[in-house]
Amino acid sequence: MNDKIIIVTGAFGALGREVARTLETRGARVVRVDAAASAPDGLAGADLVPGIDLTDYAATQAMVAGVVARHGALDALVNIAGGFRWETVSDGEPATWELLHSLNLRTALHACKASLPYLIGREGARIVNIGAAAAAKAAAGMGAYAASKAAVLRLTEALAEETKDRGLNVNAVLPGIIDTPANRADMPDADTSRWVTPQALADVVAFLLSDAARAITGVGIPVTGRL
Ligand SMILES: NC(=O)c1ccc[n+]([C@@H]2O[C@H](COP(=O)([O-])OP(=O)(O)OC[C@H]3O[C@@H](n4cnc5c(N)ncnc54)[C@H](OP(=O)(O)O)[C@@H]3O)[C@@H](O)[C@H]2O)c1
């Protein structure tokens, strides 16, 4: 990653922590952005940007401009911020569809749009969005979430087409169930050995950010472990 300056959103969450750590291990300068007010322990000396609500476009623009002012440039953006609700159509609230649209699509759209002025034309520039395997087919209770992640994939495709002649690669990673403490608590009887680990996902994100993936743009890669 050779000192590449990379914004990771949702970096205080389960997947974001691992992605940020992996990219740093490989030599990137990682800026960790999150809505949470305080970062997890053990990140002394890291570039932390807590308390940023990425559904607020002005706040997102100011955050990206601040990163560029501190580091002098921006090489890549990894959009991990997002949220989940399990809710059936019969028993759920219509407002949940707007909530997940906002948490998953709006956050990614705002971060992409705010970063474009710095990424376009920059050698090796990348955006990686985190979608979900559910973007392709929704199970019961997954409608609002799947619709919002399908929208993230469509954003990825459209932005990749729009920028493919301007040196920017835009791709998505589509995780299945991730082996996180929250999922273990929610599904205590599941066979967790079949889930995908945050480390395995971080490796795929790192690949997409690397020069080895220079010919890949506009795709969503399912990364689902053994499910
Ligand atoms: N876990 C899974 O099985 C799974 C499967 C497929 C896809 N994914 C996707 O993978 C990503 C990470 O999942 P995860 O399990 O690591 O989730 P997580 O632990 O909840 O982490 C998500 C992080 O995003 C932050 N965030 C939420 N809304 C935000 C906003 N408006 N502005 C800035 N930050 C915001 C959250 O902060 P707060 O906690 O303060 O809100 C949290 O720190 C998500 O996009 C998720 O949809 C997860």
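Residues numbered from 1 in each chain as written. Predicted model: local features only at pLDDT ≥ 70, side-chain atom pairs only at ≥ 80, totals over all residues. Heavy atoms only, no water.

Undergrad: Tell me about the packing of helix 1 (residues 14–25) against helix 6 (residues 198–209), and name the residues and values.
TA: Relative orientation of the contacting elements helix 1 and helix 6 amounts to 50°, with a least axis distance of 9 Å. The pairing of helix 1 with helix 6 is recorded here as oblique in orientation. At the point where helix 1 passes helix 6, the crossing takes the right-handed sense. Residues A14, L15, E18, V19, R21, T22 and L23 of helix 1 touch helix 6, and the partners they reach there are P198, Q199, L201, A202, D203, V205, A206 and L209. (Axes fitted to C-alpha atoms, helices over the stretch in contact; angles between N-to-C directions. Helix = DSSP H or I, 4+ residues; strand = E, 2+ residues; numbered from the N terminus. Parallel < 35°, antiparallel > 145°, perpendicular 65-115°, else oblique. Left-handed = near helix turned anticlockwise from the far one by under 90°. Contact = heavy atoms within 4.5 Å.)

Undergrad: Quick rundown of the side chain of H110? Include the residues and the values.
TA: Along the chain, the position of H110 falls in helix 3 (residues 94–119). Reaching out from H110, the side chain makes a polar contact with the backbone oxygen of L54 at a distance of 2.9 Å. What H110 contacts, discounting residues up to four positions off in sequence, is L54, T55, D56, Y57 and T60. (Polar contact = N/O pair within 3.5 Å; in protein donor to acceptor, adjacent residues only side chain to side chain.)

Undergrad: Tell me what's going on with helix 1, and back it up with residues and numbers.
TA: Between the first and last C-alpha of helix 1 there are 17 Å, a value that for 12 residues agrees with the 16 Å anticipated at 1.5 Å per step. All of the buried residues in helix 1 are L15, G16, E18, V19, A20, T22 and L23. On its buried side, helix 1 packs onto strand 1 (5–9), strand 2 (29–33), strand 4 (76–79), strand 5 (125–130) and helix 6. At the exit of helix 1 stands G27, carrying a positive phi of roughly 105°. (Expected span 1.5 Å × (residues − 1). Buried < 20%, exposed > 50% of the residue type's maximum accessible area, 1.4 Å probe, protein only.)

Undergrad: Could you give an account of the site of the ligand, naming the residues involved and the relevant values?
TA: Around the ligand, 27 residues are found, and the nearest of them are L15, D34, I80, Y145 and N183. Take A36: an N or O atom from its main chain is 3.4 Å from an oxygen atom of the ligand. Between the ligand and the protein, one listed contact pairs an oxygen atom with a side-chain N or O atom of N183 at 2.8 Å. Calculation on the ligand without its partners gives an accessible area of 890 Å², and the protein chains cover 76% of this total. Among the residues making up the shell around the ligand, the classes are represented as 16 nonpolar, 8 polar and 3 charged. (Near = heavy atom within 4 Å. Areas by Shrake-Rupley, 256 points an atom, 1.4 Å probe, with all protein chains shown as cover. Nonpolar A, V, L, I, M, F, W, Y, C, P; charged D, E, K, R; others polar.)

Undergrad: Could you give an account of unusual backbone geometry, naming the residues involved and the relevant values?
TA: Positive phi, normally seen in glycine, also occurs at N2, with a value near 40°. A relative accessible area of 74% means that N2 is categorised as exposed.

Undergrad: Go over the sheet that holds strand 1, please, and point to the residues and values.
TA: Strand order across the open sheet formed by 7 strands is 3-2-1-4-5-6-7, with parallel pairing between neighbours. The open sheet has two edge strands with one neighbour each: strand 3 (47–49) and strand 7 (220–223). Direction aside, neighbouring strands of the sheet carry axes that sit 20° apart on average. Of the strand pairs in this sheet, strand 1 and strand 2 are connected by 5 bridges, and their pairing is parallel. (Pairing = 2+ DSSP bridges.)

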